[in-house]
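The residues making up each chain are set out below.
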Amino acid sequence: LTEQQRLDGMDFVSARLGPNGAYRAQYTSMGISDKKKFRFLPCIAQDPFTGQATEQRCSSVSCFSDWRCAVMGFAVLDPKLGKNANLYGSLFQCETEPQSILLLNQLAYLVATAKYKLDVAKGKELVELSQLIVVAFREIFKYLSHRSSELNVSTMDGLKRESFIPCLVKGNIVWYRTDEVFFKRTDRGESVTEDLFHTVDFSPFLAAAGVKEDATTKEIFLLMLKSPSNVLRTLGSEAKYRSLLRRVAADPPFDLNQLSAEIQKAPLLLAYCTPSSRSRRRRPTTLRM
């Protein structure tokens, strides 16, 4: 059959699937397994990472009529059908968009696929793939933001335990949980959070999953506790480090009367030492409490 003959056939059948149509009752009574056998709808499936689209023939239960979900790799009715895409979707009883549980399962699949692709890629291919994946997930999160109000709270809580947010760190992708990254500030003021933590563009979906705009004093203190020297080096300023110490002291995220051994041993405080007797320059170093 030619493409035009296929479309003519779809028009013939769809005209009889409308209200009081000759085929409507029989088609509506068909089960999912029977509908899966009829793969005749012209669709496209897009590779989420490259954006490359391939044409497919799908059944009415294996594709969707809203083209926006294509960014997650779902098959959608071919946009080239124009206004007929929505008409066919309605008459052949295609779902408009995937159900929320399917969205989160697909997200998990895409994360696992991306991680695998990165593991086997090398050299120039790895660099290009890293860029593509970051852009792809930005679009995926944008689409999920449009659906975030439908997502189950308990399922979203489960996401908090997963490292599914890709960030480029020195040219390589590192995957983070929602409590390990923060949103970029929209104003131009200085932000200790942006100095010390990785940041991502704001997304309603990521916000619903648990990403915040600013780190708490406790989160900053735990980072200082883990590696105070790295914090000092990252800030690039003794004044900024002292400011953090004052912030922690003013609102300590721990019981002052019950300091843990870990806190007592951590080299959190600043001190100055002379590298040699011949030098008068002072070099800052961290000092144990």
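Residues numbered from 1 in each chain as written. Predicted model: local features only at pLDDT ≥ 70, side-chain atom pairs only at ≥ 80, totals over all residues. Heavy atoms only, no water.

Participant: Account for the sheet that holds strand 3 (residues 76–77), with residues named and values stated.
Facilitator: Spatially, 2-1-3 is the arrangement adopted by the 3 strands of the open sheet, whose pairing is antiparallel. Because the sheet does not close on itself, it has two edges, and the strands there are strand 2 (53–58) and strand 3. Two elements, strand 1 (residues 41–46) and strand 2, share 6 bridges in a ladder whose sense is antiparallel. Residue pairing across strands places Ala45 opposite Thr54, the latter belonging to strand 2. (Pairing = 2+ DSSP bridges. Helix = DSSP H or I, 4+ residues; strand = E, 2+ residues; numbered from the N terminus.)

Participant: With reference to specific residues and values, describe the layout of surface pockets.
Facilitator: To locate leftover empty space, one rolls a probe as large as a water molecule over the atoms. Considered as a void within the structure, the largest pocket measures approximately 600 Å³ in volume. What lines the largest pocket is a set of 20 residues, among which Glu180, Leu196, Phe197, Leu223 and Lys226 lie closest to the centre. Broken down by secondary-structure element, the contributors of at least two residues to the lining of the largest pocket are helix 8 (192–196), helix 10 (217–226) and helix 11 (228–235). Here the lining of the largest pocket gets 5 residues from one element, more than from any other, and that element is helix 10. The volume enclosed by the second largest pocket comes to roughly 330 Å³. Surrounding the second largest pocket, 17 residues form its lining, Val134, Arg138, Pro166, Val200 and Asp201 being those nearest its centre. (1 Å grid on protein atoms, 1.4 Å probe; cavity = no way out; pocket = protein on both sides within 12 Å on 5 of 7 lines; lining within 4 Å. Points joined across faces, edges and corners; volume = space filled by probe spheres on them.)

Participant: Tell me what's going on with helix 6 (residues 123–147), and back it up with residues and numbers.
Facilitator: With 25 residues, helix 6 should cover 36 Å at 1.5 Å per step; its first-to-last C-alpha distance of 37 Å lies within 8% of that length. Restricting attention to buried positions, one finds in helix 6 the residues Leu129, Ser130, Ile133, Val134, Ala136, Phe137, Ile140, Phe141, Tyr143, Leu144, Ser145 and Arg147. (Expected span 1.5 Å × (residues − 1). Buried < 20%, exposed > 50% of the residue type's maximum accessible area, 1.4 Å probe, protein only.)

Participant: Hey, could you go over the packing of aromatic side chains for me, with residue numbers and the actual values?
Facilitator: A full pass over the atoms with the stated rule returns 12 aromatic pairs. With 5.6 Å between their ring centres and 80° between their planes, Phe64 and Phe74 make a pair best called edge-to-face. Placement of Phe64 in the loop between strand 2 and strand 3 and of Phe74 in the loop between strand 2 and strand 3 is noted, with a sequence separation of 10 residues between them. Through pairs of rings, three or more aromatic residues link up here, namely Phe49, Phe137, Phe141, Phe164, Trp175 and Phe205. Above the ring of Phe12, the side-chain terminus of Arg16 is found at 3.6 Å from the ring centroid. Positioned above the aromatic ring of Tyr27, the side-chain terminus of Lys35 is 4.7 Å from the ring centre. (Phe/Tyr/Trp six-rings, centres within 6.5 Å; stacked < 30°, edge-to-face > 60°. Lys NZ or Arg CZ within 6 Å of the ring centre and 35° of its normal.)

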